Amino acid sequence: MSRLPAIDRRSDPYDADRPLMLRCACGQDHAPGDHPTTATSVEEASRDFVEASLVKALFPHEPLRRRFLQAVGASTARAAIASLLPVASLQAMAQEQRPPEKKDLKIGFIAITCATPLIMADPLGFYKKEGLNVQLNKTAGWALIRDKMLSREHDASHFLSPMPLAISMGLGSTQVPMKVATIQNTNGQAITLHVKHKDKRDPKQWKGMKFAVPFEYSMHNFLLRYYLAEHGVNPDTDVQIRVTPPPEMVANLRAGNIDGFLGPDPFNQRAVYDEVGFIHILSKEIWDGHPCCAFGVSEAFIQQNPASFAALYRAVINASFMASQPKDRELIAKVIAPTQYLNQPETVIAQVLTGKYADGLGAVKNVPDRANFDPVPWQSMAVWMLTQMKRWGYVKGEIDYRQIAEKVFLLTDAKRQMAAAGWKAPEGAYPRFKVMGKEFDPARPEAYVKSFAIAKTA
């Protein structure tokens, strides 16, 4: 088979010695994607053409482009432009109407209700509709989720929403650019305590207790720390916080290894179901509408498989739309309960998704938005996560909050896919919100970090 070169030297946007001409490598005045050749070469050529077009838009005057490249070099220029523009995402947009380059995909997930859209998309046929054969791989813990993405054993993954930020920054792992395509769920967590602590509802009584969270780079860790500190309890010195895989939390509570956990459902409700714990507070009472888990991929996957990424994106967004409808929650509970997915009693999952639940204290509550499925990856959410990483010493020194948030959280793409799925795409990128009554201004992250009386000591 003959192969068309991606784009010839005349169209290399980072070659300072030649003019940038947006032509096909064959020399004719048409886009590379219009050239009759193999699918693989078309995709490569079209990706190059998108990037060349972006550079041409930034530097419409040829002498200016050449002076810039001569001053900084091709590698620096490529990195600088990639940090400012969603090149990979725009390339994916250009390719998304093509058949998936890779139809057989492996997606990692943890067996929790936070992953509802990713999971339900399998039995309800959302992946098949997009021409994808998806293998959902149930994974034991978040460190393994991270490692399987880094090794490319998984093509895409259920993530804790701070994880792609941490991995992209090289925190706790090799530094690899990751992207948050959607938020999988909002709310849907709780602080659950052992039944022996029913008389200790004031967090000030918790000093000396042991708590579990699923991972260091998790909203669970950050929300628990925030909640404790707001009640005058230093999470680093007054209590112990242990990383525990979610499926092991109830067993550790039952055995007395921990006094409580801020964890994902269905395990808060399972602790009540097993009569070993009670729900002290829902996470929505700490921050109503907070993100928890995400659907993410590596930047390399988007670049190498833009049409597959677009198809996967559509499947997950459409599943999220269905999951957001209260009328469908009982059906969803039924389809995600089986062994290969959550492996939990259907009644436990239904209590979480419908919001009609027993709290373990003798009451039955009705909180319809106990768990929600709003997929918008707001960049202000990413900035808040970064402030908590800074506050608790997970990252040192200066942070370019805005640049990291915009590079990792694919907000524009999510809005576009939401609109296509029938949602009214929201406006803006940096909405403010309140955490335990305190407003967060994403434009002033450093001031926010410095505003807390309790933070990581040196």
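The structure contained in this document is the topic of the report that follows. Treat the numbers as computed from the prediction; the structure is a model and nothing was measured. (Residues numbered from 1 in each chain as written. Predicted model: local features only at pLDDT ≥ 70, side-chain atom pairs only at ≥ 80, totals over all residues. Heavy atoms only, no water.)

For the protein, the count of helices and strands is 19 helices and 16 strands. A buried classification covers 57% of the 458 residues belonging to the protein. For the protein, long-range pairs separated by at least 24 residues make up 75% of all intrachain contacts whose partners lie at least 6 apart in sequence. For the protein, the accessible area works out to roughly 18500 Å², and carbon and sulfur atoms hold 50% of it. (Helix = DSSP H or I, 4+ residues; strand = E, 2+ residues; numbered from the N terminus. Buried < 20%, exposed > 50% of the residue type's maximum accessible area, 1.4 Å probe, protein only. Contact = heavy atoms within 4.5 Å. Areas by Shrake-Rupley, 256 points an atom, 1.4 Å probe, with all protein chains shown as cover.)

Here the focus is the side chain of S168. Mapped onto the fold, S168 is located in helix α8 (residues 163-169). A polar side-chain atom of S168 sits 2.7 Å from the main-chain carbonyl oxygen of P164. Of the polar contacts made by the side chain of S168, one reaches the backbone nitrogen of M178; its length is 2.9 Å. Each residue touching S168, except ones within four places of it in the same chain, is listed here: Q175, V176, P177, M178 and V408. (Polar contact = N/O pair within 3.5 Å; in protein donor to acceptor, adjacent residues only side chain to side chain.)

The final tally for this structure, using the stated rule, is 20 salt bridges. Linking D441 and R432 is a salt bridge whose minimum nitrogen-to-oxygen distance equals 3.1 Å. Overlapping salt bridges, with partners in common, bring together R225, D236 and K456 in one network. (Salt bridge = Lys/Arg side-chain N within 4 Å of Asp/Glu carboxyl O.)

Further remarks concern the environment of M169. Relative to the assigned elements, M169 resides in helix α8. Sequence-wise, M169 and I404 are 235 residues apart; in three dimensions their C-alpha atoms are separated by 8.4 Å. With near-sequence residues (within four places) excluded, M169 lies in contact with Q175, L386, V395 and I404.

A complete count under the given rule lists 15 aromatic pairs for this structure. Ring geometry for Y226 against W384: centres 6.2 Å apart, planes inclined by 40°, an arrangement best described as tilted. In this pair, Y226 sits in helix α9 (residues 219-230) while W384 sits in helix α16 (residues 379-391), placing the two residues 158 residues apart along the sequence. Considering the side-chain rings of F440 and Y448, the 4.7 Å spacing of their centres and the 65° angle between planes classify their relative orientation as edge-to-face. (Phe/Tyr/Trp six-rings, centres within 6.5 Å; stacked < 30°, edge-to-face > 60°.)

Before going further, it helps to examine the environment of V449. Position of V449 among the secondary structure elements: in helix α19 (residues 445-449). Expressed as a C-alpha distance, the spacing of V449 and Q388, which sit 61 residues apart in the sequence, is 7.4 Å.

What follows is about the sheet that holds strand β2 (residues 133-138). Pairing between the strands of a sheet comes from backbone hydrogen bonds, and it takes one of two forms, parallel or antiparallel. In space, the 5 strands of this open sheet follow the order β2-β1-β3-β11-β4, with mixed pairing throughout. Taken across any chain shown, the strands that pair with only one partner, and hence form the sheet edges, are β2 and β4 (178-183). When strand polarity is set aside, the average angle formed by the axes of neighbouring strands in this sheet is 30°. Across 6 bridges, strand β1 (residues 104-109) lies against β2 in parallel orientation. (Pairing = 2+ DSSP bridges. Axes fitted to C-alpha atoms, helices over the stretch in contact; angles between N-to-C directions.)

Take unusual backbone geometry next. In this structure, P266 follows D265 across a cis peptide bond, with omega equal to 15°. Positionally, P266 belongs in the loop between β9 (260-264) and α11 (267-273). Phi angles above zero are rare outside glycine, and N343 is one such case at about 55°.

So, about the sheet that holds β9. On the basis of which strands lie adjacent, the open sheet formed by 5 strands has the order β8-β7-β9-β6-β10 and mixed pairing. In this open sheet, the two strands that pair with only one neighbour each are β8 (240-243) and β10 (277-282). Pairs of neighbouring strands in the sheet enclose a mean axial angle of 25°, with direction left out of account. Here strand β7 (residues 210-213) runs beside β9; their pairing, made up of 2 bridges, is parallel. Across the sheet, the residue bridging to A212 is F261, located in β9.

In this section: the pairing of β7. Bridging between β7 and β8 involves 4 bridges; their strand directions are parallel. The residue bridging V213 from the neighbouring strand is V243, located in β8. You can see the chain leave β7, run along α9 and come back into β8, and the turn it takes is right-handed. (Right-handed = clockwise from strand over helix to strand, strands pointing away.)

Now for the state of the cysteines. Tallied over the full model, the rule gives 0 disulfides. Just so you know, C114 is unpaired, no disulfide at all, and the nearest cysteine sulfur is the one on C293, 3.9 Å from it. The buried category is assigned to C114, whose relative accessible area is 1%. (Disulfide = S-S within 2.5 Å.)

In this section: the environment of I167. Counting through the fold element by element, I167 comes out in helix α8. As a C-alpha pair, I167 and M178 span 11 residues in sequence and 6.8 Å in three-dimensional space. Those residues in contact with I167 that sit more than four places away from it in its chain are R146, L150, F159, S173, T174, Q175, V176 and M178.

On to α16. The terminal C-alpha atoms of α16 lie 18 Å apart, and with 13 residues this matches the ideal 18 Å at 1.5 Å per residue to within 8%. Within α16, 12 of the 13 residues are buried, which leaves the element mostly enclosed by the surrounding structure. Along α16, the residues that are buried comprise Q379, S380, M381, A382, V383, W384, M385, L386, T387, Q388, M389 and R391. Downstream of α16 by a residue or two, G393 has a phi angle that is positive, lying close to 80°. (Expected span 1.5 Å × (residues − 1).)

Of the positions making up helix α17 (residues 401-408), those classed as buried are Y401, I404, A405 and V408. For α17, the angular spread of the buried residues around the axis is 100°, confining them to a single face. Turning to α17, the residues buried within the fold contact α8, β4, α16 and α19. (Arc of directions from axis to C-beta.)

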